[in-house]
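Coordinates in review
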Amino acid sequence: MNQREEYFKSLIENAPDMIVTLDVNATIQYVSPSTERVLGYSPDMLLGKNVFDIVHPNDVTRATNTFSEGIQTPAYTTSMELRVKHSDGSWRHVELLANNLLHEPSVESVVINYRDITEKKHAEDEIRVKHEDIEVHAHQLEAANDELRHTQQQLLNAYEQLHAVRKIDQLIVREKNPKKLIQTACNIISETRRYECSWIVLLDDARAFGSVAHAGFGQDFLTLQDRIRTGAWPACAQRVLQEKTPIAIAIVASDCGDCPLTEKCSQRSAFSIRLQHSEQIFGIACFSGPGNSTPDEEERALVEEMAGDIAFALYNIKLEEARHNTEEEIRAQHEDILVHTYQLEAANDELKHTQNQLIEANQKLRESEEKYRALFESANDEIIHVNKSGTIIDANKKVTDIFGYTPQEVIGKNFVDLDLINPNQMPAMEKAFSNTLQGTGGWGLTELESKHKDGSTVYIEASISPLHKEGKPDGIMAVIRDVTERKQMQEKVTEYSGQLEQRLEELQKAYEKLQELDKLKDNFLSTVSHELRTPLTSIKSFAEILLTYDNDRETEKEFLTIINDESDRLTRLINDFLDISKIESGHIQWENVELEIPKIIETSVNATQSLATKMNLQIDVSLQPNLAHVFGDEDKIVQVMTNLISNAINFTSEGGIIRIFAEPLRSEVSIAKPEFVKIDVVDTGKGIAPEDQEYIFEKFSQVGDTLKDKPPGTGLGLAICKEIVEHHGGSIWVESEVGKGSTFSFTLPSAEMAD
């Protein structure tokens with residue numbers, strides 16, 4: 001007897017699975033030695049403790065409920081998966097089988113067998129994550145392919161346009177003589193895209209006849225030239241001069257009258273267009289082709305582009321400035337696309353490699369499924385054996401996970417009586433069962449809507465195949481997989497697709513905004529280079545004069561004053577750059593205190609009074625009584641007021657008036673207490689055009705020609721004002737009429753609102 005007891009004791013203590021016995025209070029009474037190998041606890045460390053102390057908090061409720069239920073039923077057996085705590089603090093996944101032997105006198109315990117399945121869980125998670133990564137990678141590759149196709153189409157369109165205007169581009173880059181430029185352009189145009197005839201007449205600043213060039217018209221154009229010299233312009237020229245924008249106008253016979261070029265223009269495909277760059281008109285051009293077909297929009301666009309290029313060349317000659325060649329930009333774009341193509345090909349190769357790995361893994365999985373098909377209970381899918389009458393002969397334990405029933409609850413029951421399948425789908429399923437038993441075919445993978453034991457809906461994929469006995473169909477095997485989570489993911493993917501389309505629209509708008517900012521950047525660089533160069537040149541020049549100048553104190557004082565003023569100008573420019581940079585990066589310090597608006601306005605007026613006096617301007621301040629206090633940074637708000645007053649002074653003619661108003665703003669909800677204080681700075685200057693008012697508060701934005709209009713600036717002042725006002729919770733705007741002046745207004749919340 002002792003030898004047999006030692007034998008069983010040896011089996012238990014050397015078993016790979018852990019064995020633990022519990023009393024009715026879940027107190028640990030016995031721990032097998034394998035527990036120390038798996039969980040790191042020696043038996044002494046666990047004996048006498050409650051077993052739920054090492055169970056994961058999220059699993060405790062489920063485990064305690066099962067334990068409470070089990071101890072009420074003698075010989076109760078159950079299995080489950082839990083997470084238990086290792087002695088090093090990590091969590092291990094275990095699969096356990098519990099048996100209530102409290103009624104057995106020789107045991108009087110709940111016996112639990114544990115098996116560590118942590119590695120299995122990790123492997124399943126790793127396979128799922130890898131599959132998700134492959135799907136994401138596939139979506140990214142598809143999006144990259146779409147982007148490449150779109151970019152290639154853009155490049156093709158660009159090359160077609162470059163072919164049409166290449167010769168004109170080459171001409172405007174090398175030719176610096178206006179007369180030679182337009183004559184060579186006429187020659188080129190008459191040879192490009194089948195234009196036989198062309199003429200160009202340049203205009204002076206008074207729009208009078210200037211240089212002329214023509215090709216293909218012969219003596220007929222000389223007659224027209226004599227008329228133009230006397231001011232008798234043809235109808236086509238008069239029309240393009242009257243247009244608001246330099247667009248190409250197709251010439252029709254009804255407009256030509258007695259023009260000597262009627263035969264070569266009105267009966268053919270011909271355009272007239274104004275040569276204009278920015279707001280400056282350089283001349284008029286006319287291009288005529290050999291056919292009488294109606295010009296299409298592509299041809300019209302080409303004519304407008306060629307005219308724009310010629311006008312741009314004339315503009316460059318007049319200003320003696322160089323322009324970058326369009327061909328270099330297109331070549332750079334082409335190189336970027338090539339790089340993108342190489343990257344895409346590399347990504348495609350990587351995806352193919354990953355797909356091959358997935359195919360190989362799937363092949364191994366199929367082989368594994370065939371090899372272990374007999375391991376019925378270990379299958380991941382529910383497998384049900386149904387006899388010819390529809391009675392369930394056997395079912396593995398997966399039926400509990402999918403339908404909520406234990407195998408014992410379904411075995412011996414008729415499949416139809418269990419009411420597992422949606423009634424609308426039952427006729428098709430019964431027909432498939434019948435066809436399978438009759439040997440006319442099985443049922444392929446089909447998605448069905450089923451019902452869980454608790455009444456909830458479960459989506460499954462099912463396939464059926466016949467089971468044979470002695471060569472004849474004897475029953476059916478149904479393989480069922482729970483796809484509820486996948487169904488929910490498909491709905492989420494559909495929702496995400498809609499969000500993705502919306503995001504693409506947002507990205508397109510952002511791209512258009514970036515293009516606008518790029519244009520503003522070019523204007524800004526041109527302005528800054530001019531504004532920085534001018535004071536530096538003055539400082540350098542007057543400093544060199546002072547180094548060699550004879551002792552003349554008055555002259556020295558005058559030169560030093562100029563140097564000091566230009567240094568202040570440089571300082572203002574640099575401070576603007578630093579302010580906008582600090583505000584946008586969030587590095588600026590805000591010293592917020594309670595402020596009085598009258599003192600803010602008084603400080604700002606005093607700071608700009610000398611400039612107003614120098615310009616012979618009057619500053620008139622009108623404040624309503626009992627203005628509410630505001631809460632903010634005094635220096636920053638004074639900076640806003642000073643900037644607005646300085647702008648008003650700079651753009652108001654000598655002898656004008658600058659008016660400043662301040663008033664409370666009350667809402668309909670709270671009439672007694674003002675919510676905001678509104679401040680207006682009104683000037684009688686030249687005003688701002690409506691199309692410029694929309695952009696005046698943007699960075700680097702200036703009204704008019706920044707190289708000629710005075711006073712100069714960087715285009716950052718109003719942008720800084722906007723950032724400061726909006727940081728304090730207010731808003732800023734402008735109302736203006738050309739020729740009558742402008743009103744810049746901003747609001748600040750009262751101190752009570754800020755609190």
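Residues numbered from 1 in each chain as written. Predicted model: local features only at pLDDT ≥ 70, side-chain atom pairs only at ≥ 80, totals over all residues. Heavy atoms only, no water.

Of the regular secondary structure elements, the protein holds 22 helices and 22 strands. A buried classification covers 36% of the 755 residues belonging to the protein. Put simply, 57% of the contacts in the protein that link residues at least 6 apart link residues at least 24 apart. When the accessible surface of the protein is totalled, it reaches about 45100 Å², and 50% of it is carbon and sulfur. (Helix = DSSP H or I, 4+ residues; strand = E, 2+ residues; numbered from the N terminus. Buried < 20%, exposed > 50% of the residue type's maximum accessible area, 1.4 Å probe, protein only. Contact = heavy atoms within 4.5 Å. Areas by Shrake-Rupley, 256 points an atom, 1.4 Å probe, with all protein chains shown as cover.)

Right, let's talk about the pattern of salt bridges for a bit. Between side chains of opposite charge, a pair can form as their charged atoms come close. Tallied over the entire structure, the rule returns 12 salt bridges. Between arginine 62 and aspartate 59 there is a salt bridge, with the nearest N and O atoms lying 3.5 Å from each other. Here arginine 62 pairs with aspartate 59, and both are found in helix α4 (residues 57-70), just three residues apart, close to one helical turn. With a relative accessible area of 38%, arginine 62 lands in the partly exposed category. (Salt bridge = Lys/Arg side-chain N within 4 Å of Asp/Glu carboxyl O.)

Below, the discussion takes up the sheet that holds strand β21 (residues 732-737). Across the sheet, five strands lie side by side as β17-β19-β20-β22-β21; this open sheet has mixed pairing. Two strands in the sheet have a free side with no partner beyond their single neighbour: β17 (618-623) and β21. Strand-to-strand twist of the sheet, defined as the mean angle between neighbouring strand axes without regard to direction, takes the value 15°. With six bridges connecting them, β21 and strand β22 (residues 741-749) associate as antiparallel partners. Within β22, the residue paired with glutamate 737 across the bridge is glycine 741. (Pairing = 2+ DSSP bridges. Axes fitted to C-alpha atoms, helices over the stretch in contact; angles between N-to-C directions.)

What follows is about unusual backbone geometry. We note that alanine 75 has phi near 65°; this positive angle belongs to a residue other than glycine. Given the relative accessible area of 47%, alanine 75 is considered partly exposed. In this structure, glutamate 108 is a non-glycine residue whose phi angle is positive, near 50°. If you trace the backbone, glutamate 108 turns up in the loop between β4 (91-101) and β5 (109-116).

The next thing to look at is the packing of aromatic side chains. Inspection of every chain in the model, using the stated rule, returns three aromatic pairs. Between the aromatic rings of phenylalanine 52 and phenylalanine 67, the centroid separation amounts to 5.9 Å while the plane-to-plane angle is 85°, which identifies the pairing as edge-to-face. Linking phenylalanine 52 in the loop between α3 (43-46) and α4 with phenylalanine 67 in helix α4, this pair joins segments that are 15 residues apart in sequence. Here phenylalanine 52 falls in the buried class, since its relative accessible area comes to 17%. A relative accessible area of 14% means that phenylalanine 67 is categorised as buried. Aromatic pair phenylalanine 697 and phenylalanine 744: ring centres 6.1 Å apart, planes at 75°, arrangement edge-to-face. One end of the pair, phenylalanine 697, is in the loop between α20 (690-693) and α21 (717-727); the other, phenylalanine 744, is in strand β22, and 47 residues separate them in sequence. Since its relative accessible area comes to 12%, phenylalanine 697 is described here as buried. Positioned above the aromatic ring of tryptophan 590, the side-chain terminus of lysine 636 is 5.8 Å from the ring centre. (Phe/Tyr/Trp six-rings, centres within 6.5 Å; stacked < 30°, edge-to-face > 60°. Lys NZ or Arg CZ within 6 Å of the ring centre and 35° of its normal.)

Before going further, it helps to spend a moment on α4. In a regular helix each residue adds 1.5 Å, so 14 residues correspond to 20 Å; α4 covers 20 Å between its end C-alpha atoms and thus fits that length. Taken together, the buried positions of α4 are Asp59, Ala63, Thr66, Phe67 and Gly70. In this structure, the buried residues of α4 make contact with β1 (18-22), β3 (77-85), β4 and β5. (Expected span 1.5 Å × (residues − 1).)

A separate point is the sheet that holds strand β8 (residues 249-250). A sheet is described by the order of its strands in space; here five strands give the open sequence β7-β6-β10-β9-β8, paired in antiparallel fashion. The open sheet has two edge strands with one neighbour each: β7 (209-215) and β8. Looking at chain direction, strand β9 (residues 270-277) and strand β10 (residues 280-288) are connected through eight bridges and run antiparallel. Paired with alanine 270 across the strands is serine 288, a residue of β10.

Take the nonpolar core next. Ile597, Ile619, Met641, Ile645, Phe744 and Phe746 are the most contacted members of the largest nonpolar core, which totals 39 residues. For this core, the secondary-structure elements that each account for two or more residues are α18 (597-614), α19 (634-650), β19 (657-665), β20 (676-682), α21, β21 and β22. By residue number, the principal contributor to this core is α19, which donates eight residues. Core analysis: the second largest hydrophobic core is formed by 30 residues, Leu181, Ile200, Leu275 and Phe287 among them. (Core = buried A, V, L, I, M, F, W, Y, C linked by side-chain atoms within 4.5 Å.)

Listed in full, the buried residues belonging to α21 are Gly717, Leu718, Ala719, Ile720, Cys721, Ile724 and Val725. Following α21 by one or two positions, glycine 729 adopts a phi angle in the positive range, close to 90°.

This next bit is on a negative patch on the surface. Among the surface-exposed residues, Glu132, Asp133, Glu135, Asp482 and Glu485 lie close enough to one another that they form a single negatively charged patch. Among the elements that make up the negative patch, the one with the highest residue count is helix α5 (residues 118-174) (three residues). Position of aspartate 482 among the secondary structure elements: in strand β15 (residues 472-482). (Patch = residues over 30% accessible without salt bridge, like charges linked within 9 Å, V, L, I, M, F, W, Y side chains within 5 Å. Lys, Arg positive; Asp, Glu negative; His and termini not counted. Charge placed at Lys NZ, Arg CZ, Asp CG, Glu CD.)

A cluster of nonpolar side chains, contributed by Tyr496, Leu500, Leu504 and Leu507, occupies part of the molecular surface with about 400 Å² of accessible area. One can find leucine 504 in helix α16 (residues 484-548).

On average, residues of the protein score 78 in pLDDT, and 77% of them reach the 70 mark or higher. Summarising per-element confidence for the protein, the mean pLDDT is lowest in helix α1 (residues 2-13) (58) and highest in β20 (94). In the predicted structure, residues 705-710 sits below a pLDDT of 50 and forms eight contacts with residues beyond four places in sequence or in another chain. (pLDDT = per-residue confidence, 0-100.)

Another aspect to go through is the packing of α19 against α21. Packing of α19 against α21 leaves a shortest axis separation of 10 Å and a crossing angle of 145°. Seen along the crossing, α19 lies across α21 with a hand that is left-handed. Mapping the contact onto sequence places Lys636, Gln639, Val640, Asn643, Leu644 and Asn647 in α19 and Gly717, Leu718, Ile720, Cys721, Ile724 and Val725 in α21. Classifying every residue of the contact of α19 with α21 by side-chain character gives seven nonpolar, four polar and one charged. (Left-handed = near helix turned anticlockwise from the far one by under 90°. Nonpolar A, V, L, I, M, F, W, Y, C, P; charged D, E, K, R; others polar.)

This brings us to the environment of glycine 739. Note that glycine 739 resides in the loop between β21 and β22. Setting aside anything within four residues of it in sequence, one finds glycine 739 in contact with Gly685, Lys686 and Gly687.

Relative to the elements of secondary structure, lysine 472 occurs in strand β15. By relative accessible area, which is 60% here, lysine 472 ends up exposed. The sequence separation of lysine 472 and glutamine 438 amounts to 34 residues, and the corresponding C-alpha distance is 9.2 Å.

Turning our attention to the pairing of β5. Here β1 pairs with β5 via five bridges, running antiparallel. Bridging from a neighbouring strand, methionine 18 pairs with tyrosine 114 of β5. The pairing of β4 with β5 spans eight bridges and is classified as antiparallel. Residue pairing for β5: leucine 101 is matched across the bridge by serine 109.

Turning our attention to the pairing of β19. Residues Ile658, Ile660, Ala662 and Pro664 of β19 are buried on one face, while the alternating residues Ile657, Arg659, Phe661, Glu663 and Leu665, pointing to the opposite face, are not. Of the strand pairs in this sheet, β17 and β19 are connected by six bridges, and their pairing is parallel. Of the residues in β19, the one forming a bridge with serine 622 is phenylalanine 661. Two strands pair when backbone bridges link them, and β19 and β20 are joined in this way by seven bridges, in the antiparallel orientation. Note that in β20 the partner of proline 664 across the bridge is valine 677.

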